[in-house]
Amino acid sequence: GRRPSDCGDRGLAPERRVTDFLEDRKVFFLYCLALFRPGWTPPDLPTDRTVAGDVSNWPEDDVAVLIEEGRRHLDRLLLDIDQTRTRAQQAVTATLALLVVVAAQLPGVAKSQMQLTMLAVSGFLLAVGFCGALSITVIQVRVSVIHAGVLSTSATPIRRRLAKDYAEAVIETGRTVHTMLTVLSEAARYVTLGGALDGILWLVRHI
């Protein structure tokens, strides 16, 4: 998964590309691990290091614009989370069907070491992809929301506090969305590789 700040930047140093590659895989496997650690939320990718600024001296009109934009942006991000989970559920169903197909082939390849190895690798790749997609649907992710009860305890002026809260919520939830999309992309990659290998095995057996 590419970092949002990298979009359009084709001059990334090789070291940065390697670091991003390793970071993506680490977070993917941490998401898979979270399936076996109930209540634990894996870290998000460090995609956006932006920090909400100080709006205490902003004019009221500008504060109102920030609140409105923050509300719309946060709503879009929450919708993105729901849509990503829906796609992950579809991936889980499709991958489970592929795993059943792989398991059904076991008796037919048991006598060939090469074919058995290919089937085992295919099953492993599919299982890893399955865990990645499943993790998106079941683990608790970091989502920031504006809590009216907490806001009611804030000192005035409320509008400036609300504007900053929206800015912080958008930054944190944006990281979560990007991380979920990266994990889903990684899961799809494993499923594709596993399915392709099983397809090659089918050709080997029938040609």
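Scoring rules and cut-offs
Residues numbered from 1 in each chain as written. Predicted model: local features only at pLDDT ≥ 70, side-chain atom pairs only at ≥ 80, totals over all residues. Heavy atoms only, no water. Salt bridge = Lys/Arg side-chain N within 4 Å of Asp/Glu carboxyl O. Helix = DSSP H or I, 4+ residues; strand = E, 2+ residues; numbered from the N terminus. Buried < 20%, exposed > 50% of the residue type's maximum accessible area, 1.4 Å probe, protein only. Axes fitted to C-alpha atoms, helices over the stretch in contact; angles between N-to-C directions. Parallel < 35°, antiparallel > 145°, perpendicular 65-115°, else oblique. Contact = heavy atoms within 4.5 Å. Nonpolar A, V, L, I, M, F, W, Y, C, P; charged D, E, K, R; others polar. Left-handed = near helix turned anticlockwise from the far one by under 90°. Disulfide = S-S within 2.5 Å. Phe/Tyr/Trp six-rings, centres within 6.5 Å; stacked < 30°, edge-to-face > 60°. Core = buried A, V, L, I, M, F, W, Y, C linked by side-chain atoms within 4.5 Å.

Chemist: Which residues make up the pattern of salt bridges, and what values go with them?
Modeler: Two side chains that carry opposite charge are able to pair once their charged atoms sit near each other. Under the defined criterion, the tally for this structure stands at seven salt bridges. Residue Arg 25 pairs with Glu 186 through a salt bridge whose shortest N-O separation is 2.7 Å. Residue Arg 25 is found in helix α1 (residues 14–34), and its partner Glu 186 is found in helix α6 (residues 158–206); the two are separated by 161 residues along the sequence. By relative accessible area, Glu 186 is classed as buried at 3%. Here Arg 71 and Glu 68 are joined by a salt bridge, their closest N and O atoms 2.9 Å apart. Taken together, the positions of Arg 71 and Glu 68, both in helix α2 (residues 60–104) and three residues apart, correspond to about one turn of that helix.

Chemist: Account for the packing of α1 against α6, with residues named and values stated.
Modeler: Axis separation between α1 and α6 bottoms out at 9 Å; the angle between their running directions is 85°. Comparing the axis directions of α1 and α6 gives the class roughly perpendicular. The segment α1 lies against α6, with Asp 24, Arg 25, Val 27, Phe 28, Phe 29 and Tyr 31 engaging Thr 179, Met 180, Thr 182, Val 183, Glu 186, Ala 187, Arg 189 and Tyr 190. Here the contact of α1 with α6 is built from residues that sort into eight nonpolar, two polar and four charged.

Chemist: Help me get a handle on the packing of α2 against α6, residues and values and all.
Modeler: Taken N-terminus to C-terminus, the directions of α2 and α6 make an angle of 20°; their axes are 8 Å apart at the nearest point. By the angle between their axes, α2 is roughly parallel relative to α6. Between α2 and α6 the crossing geometry is left-handed. Of the residues belonging to the contact of α2 with α6, the class tally is 23 nonpolar, seven polar and eight charged.

Chemist: Can you tell me about the state of the cysteines, naming the residues and giving the values?
Modeler: Overall, the coordinates contain zero disulfides when judged by the stated rule. Unpaired in this structure, Cys 32 has its nearest cysteine sulfur neighbour in Cys 131, at a distance of 5.4 Å. For Cys 32, a relative accessible area of 8% translates into the label buried.

Chemist: Hey, could you go over the packing of aromatic side chains for me, with residue numbers and the actual values?
Modeler: The geometry of an aromatic ring pair is captured by two quantities: the separation of the ring centres and the angle between the planes. In total, this model carries three aromatic pairs according to the counting rule given. Considering the side-chain rings of Phe 28 and Tyr 190, the 5.3 Å spacing of their centres and the 15° angle between planes classify their relative orientation as stacked. Residue Phe 28 is found in helix α1, and its partner Tyr 190 is found in helix α6; the two are separated by 162 residues along the sequence. Across this residue pair, the class does not change: Phe 28 and Tyr 190 are buried. With centroids separated by 6.2 Å and ring planes inclined at 75°, the aromatic side chains of Phe 29 and Tyr 190 adopt a geometry described as edge-to-face.

Chemist: Can you lay out the side chain of Thr 176 for me, pointing to particular residues and giving the numbers?
Modeler: Here Thr 176 is to be found in helix α6. For Thr 176, a relative accessible area of 0% translates into the label buried.

Chemist: So what about the nonpolar core? Which residues, and what values?
Modeler: Of all hydrophobic cores here, the largest spans 32 residues; its most connected members are Phe 28, Tyr 31, Ile 67, Ile 136, Met 180 and Val 183. Looking at this core, the elements that each hand over two or more residues are α1, α2, α4 (113–138) and α6. The greatest single-element share of this core, amounting to 11 residues, is contributed by α6. Contact partners of Met 180, with chain neighbours within four places excluded, come to Tyr 31, Ile 81, Thr 84, Arg 85, Ile 136 and Val 141. With eight residues, the next largest nonpolar core counts Val 109, Met 118, Leu 126 and Val 191 among its residues.

The quantities given are spatial measurements derived from coordinates; they are silent on function.
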